[in-house]
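Structure assessment
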Amino acid sequence: MHIALAFNLREESVQEDDQPPSEPPSGSAAHSDDLYAEWDDIHTIKAVESALASRHQVSLVNADLDAFATFRDLRPDLVFNIAEGLLGNSREAQIPAMLDMLGIPYTGSDPVTLGMCLDKRRAKEILAYYRIPTPRFAVVGSLAEIPARLRYPLMVKPTLEGSSKGVTDKALVADRRALVRQVEWVLDTYRQPAIVEEFLPGREFTVAMLGNGESLRALPTVEINLHTLPEGVNPIYSYEAKWIWDQEENPLEIFTCPAKLEPLLQKQIEDICKRAFNALGCRDWTRIDVRLDATGRPNIIELNPLPGILPRPEQNSCFPKAARAAGLSYDQMILAVADAACERHNLRQGGIDERRRML
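Everything numeric here is computed off the predicted structure, so don't read it as measured data. (Residues numbered from 1 in each chain as written. Predicted model: local features only at pLDDT ≥ 70, side-chain atom pairs only at ≥ 80, totals over all residues. Heavy atoms only, no water.)

Looking at the overall build of the protein chain
- Helix and strand content of the protein chain: 11 helices and 13 strands.
- Considering only residue pairs separated by 6 or more positions, the protein chain has 73% of its internal contacts joining residues 24 or more positions apart.
- Approximately 16300 Å² of the protein chain is accessible, and the part contributed by carbon and sulfur atoms is 50%. (Helix = DSSP H or I, 4+ residues; strand = E, 2+ residues; numbered from the N terminus. Contact = heavy atoms within 4.5 Å. Areas by Shrake-Rupley, 256 points an atom, 1.4 Å probe, with all protein chains shown as cover.)

Take a look at the structure:
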């Protein structure tokens, strides 16, 4: 099978030490320090390419302004999509929307689901509609809209970011003065509304979901050991915890996988994640963040249908960590995602031949 790998490359991962990184695009938000945090480095792209190439013919497609023409010319049987995009609320949906227009199958969720999961407000509204527990929240577009009905402490996040962008150690606030300051920072820095939600004091987990329908399964749960963070910081998996304090050469001992859970709690976490996966219309794979409330009940924090997949164990990437705990190598994990998409698209050899005749 011919698979195209769609990606966004962090250029500094292939630049010489004395070569400055590219300037942010004109009109982009001011948060240049983390502007490309969601993009993949060259090592991840090569690892995914290698995994796919163990079984398939692979073409690399940079998800830039030429991507539509490239896909139209290549006409692959399947696109393995890890492209995050850059600008706009629909940035994660842009490549899948192109592929839908071209009639080319791809891995992962469709544009609607990608857009809803990126928008924390919309995702939480859908979770609430389906009575799936999630922290109480309010969306704040200006300082005049700061809510009074939520109970402190509160978490303040950008509404439309991933990879912990904007969720700094200061995101957890204990009073109105800190809330106003943090909301103002999000509004000014990210030029988008802030989402303010009640902080849940219990244990935190992340769950890698793989498959579809009856074959959907939760890989071994990862617990985030917040007590291992540097002394004096807040008990949240912040941007600093993910990208600054946890370094490959000196990784934090922040994860336990499989998490040590009582069977009932394990079942509750897996059940709520399956419900969330289906409620948001996710496909093939998704990583779901879960936290326990004061009573020990699991709540969905957010869903990431384009999960991080750093290849080396010392990089502390949660989806590959869960896959390894399930007995899957990195290559097997990537191929399992491709296989789930092929099954969903009916891309057995006969189906591929029929599709090629139609193009």
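Quick look at the packing of aromatic side chains
- Applying the stated rule across the entire model yields five aromatic pairs.
- Between Phe80 and Trp285, the aromatic rings sit 5.8 Å apart at their centres with planes inclined by 65 degrees, giving edge-to-face as the arrangement. Note that Phe80 is positioned in strand S3 (residues 78–81) and Trp285 in strand S12 (residues 284–292), a separation of 205 residues in sequence. Per residue, the accessibility class of Phe80 equals that of Trp285, and both read buried.
- Relative to Tyr190, the ring of Trp185 has its centre 5.6 Å away and its plane inclined at 75 degrees; by these criteria the two rings are edge-to-face. (Phe/Tyr/Trp six-rings, centres within 6.5 Å; stacked < 30°, edge-to-face > 60°. Buried < 20%, exposed > 50% of the residue type's maximum accessible area, 1.4 Å probe, protein only.)

Some thoughts on unusual backbone geometry
- Looking along the chain, the bond that leaves Tyr152 and enters Pro153 is cis, with omega of -5 degrees.
- Relative to the helices and strands, Pro153 resides in the loop between strand S4 (137–140) and strand S5 (154–158).
- Cis geometry is found at the peptide bond from Cys257 to Pro258, where omega equals 0 degrees.
- You can see Pro258 is positioned in the loop between strand S11 (255–256) and helix H8 (263–279).
- Notably, Arg191 is not glycine yet its phi reads approximately 55 degrees, a positive angle.
- Mapped onto the fold, Arg191 is located in the loop between helix H6 (176–190) and strand S7 (194–198).

Section: the sheet that holds S5
- If you trace the four strands from one edge of the open sheet to the other, you get S4-S7-S5-S6, paired in antiparallel fashion. Either end of the sheet is taken by a strand with one partner, and the two such strands are S4 and strand S6 (172–173).
- Of the strand pairs in this sheet, S5 and S6 are connected by two bridges, and their pairing is antiparallel. Each bridged residue has a counterpart across the sheet, and for Leu154 the counterpart in S6 is Val173.
- Sheet contacts for H6: S4, S5, S6 and S7; angle to S5, the most-contacted strand, approximately 10 degrees. (Pairing = 2+ DSSP bridges. Axes fitted to C-alpha atoms, helices over the stretch in contact; angles between N-to-C directions.)

Concerning the environment of Leu74
- Of note, Leu74 is situated in helix H2 (residues 67–74).
- In sequence terms Leu74 and Ser59 are 15 residues apart; their C-alpha atoms lie 8.4 Å from each other.
- In contact with Leu74, other than residues within four places in its own chain, are His2, Ala4, Ser59 and Val61.

Observations regarding the pairing of S3
- Along S3, one buried face is formed by Leu78 and Phe80 and the opposite face, lined by Val79 and Asn81, is buried too.
- Pairing geometry for strand S1 (residues 2–7) and S3, over four bridges, is parallel. Among the inter-strand pairings, Ala6 is bridged to a residue of S3, identified as Asn81.

Thoughts on the packing of helix H1 (residues 42–53) against helix H10 (residues 330–345)
- Direction vectors running N to C along H1 and H10 enclose 70 degrees, while the axes themselves pass 8 Å from each other. Between H1 and H10, the angle is such that the two are roughly perpendicular. In contact with Thr44, Ala47, Val48, Ala51 and Leu52 of H1, H10 contributes Tyr330, Asp331, Ile334, Leu335 and Ala338.
- Per-class residue counts for the contact of H1 with H10 are eight nonpolar, one polar and one charged. (Parallel < 35°, antiparallel > 145°, perpendicular 65-115°, else oblique. Nonpolar A, V, L, I, M, F, W, Y, C, P; charged D, E, K, R; others polar.)

Brief notes about the pairing of strand S8 (residues 204–211)
- In terms of burial, S8 is a largely internal element, eight of the eight residues being buried.
- Bridge count for S8 against strand S10 (residues 222–224) is three bridges, and the pairing is antiparallel. Each residue of the ladder has a partner; that of Phe205, found in S10, is Glu223.
- Examined bridge by bridge, S8 and S12 share eight bridges and lie antiparallel to one another.

So, the nonpolar core
- Judged by nonpolar contacts, the single largest core of 41 residues is most densely connected at Leu5, Val48, Leu52, Phe80, Trp285, Ile309 and Ile334.
- For this core, the elements supplying multiple residues, two or more each, are S1, H1, S3, S8, S10, helix H9 (318–325) and H10.
- Discounting residues that sit within four places of it in the chain, Ile334 has contacts with Val48, Ala51, Leu52, Phe80 and Ile309. (Core = buried A, V, L, I, M, F, W, Y, C linked by side-chain atoms within 4.5 Å.)

Looking at the confidence of the model for the protein chain
- In the predicted model, the protein chain carries a mean pLDDT of 89, and 87% of its residues have values of at least 70.
- With pLDDT under 50 throughout, residues 16–32 is counted as low confidence; its partners more than four residues away or in other chains account for 24 contacts. (pLDDT = per-residue confidence, 0-100.)

Remarks on the sheet that holds S3
- Overall, parallel pairing links the three strands, which are arranged S2-S1-S3 in an open sheet. With one partner strand each, in any of the chains shown, strand S2 (57–62) and S3 form the two edges of the open sheet. Going from strand to strand, the sheet's axes swing by 25 degrees on average, the running direction of each strand aside.
- H2 rests against S1, S2 and S3 of the sheet, and its axis sits at about 160 degrees to S2.

Let's talk about the packing of helix H4 (residues 111–118) against helix H5 (residues 120–129)
- Relative orientation of the contacting elements H4 and H5 amounts to 100 degrees, with a least axis distance of 4 Å. Judged by the inter-axis angle, H4 sits roughly perpendicular to H5. Between H4 and H5, the residues in contact are Met116, Cys117 and Leu118 and Lys120, Arg122, Ala123 and Ile126, respectively.
- The residue inventory of the contact of H4 with H5, partitioned by class, reads five nonpolar, no polar and two charged.

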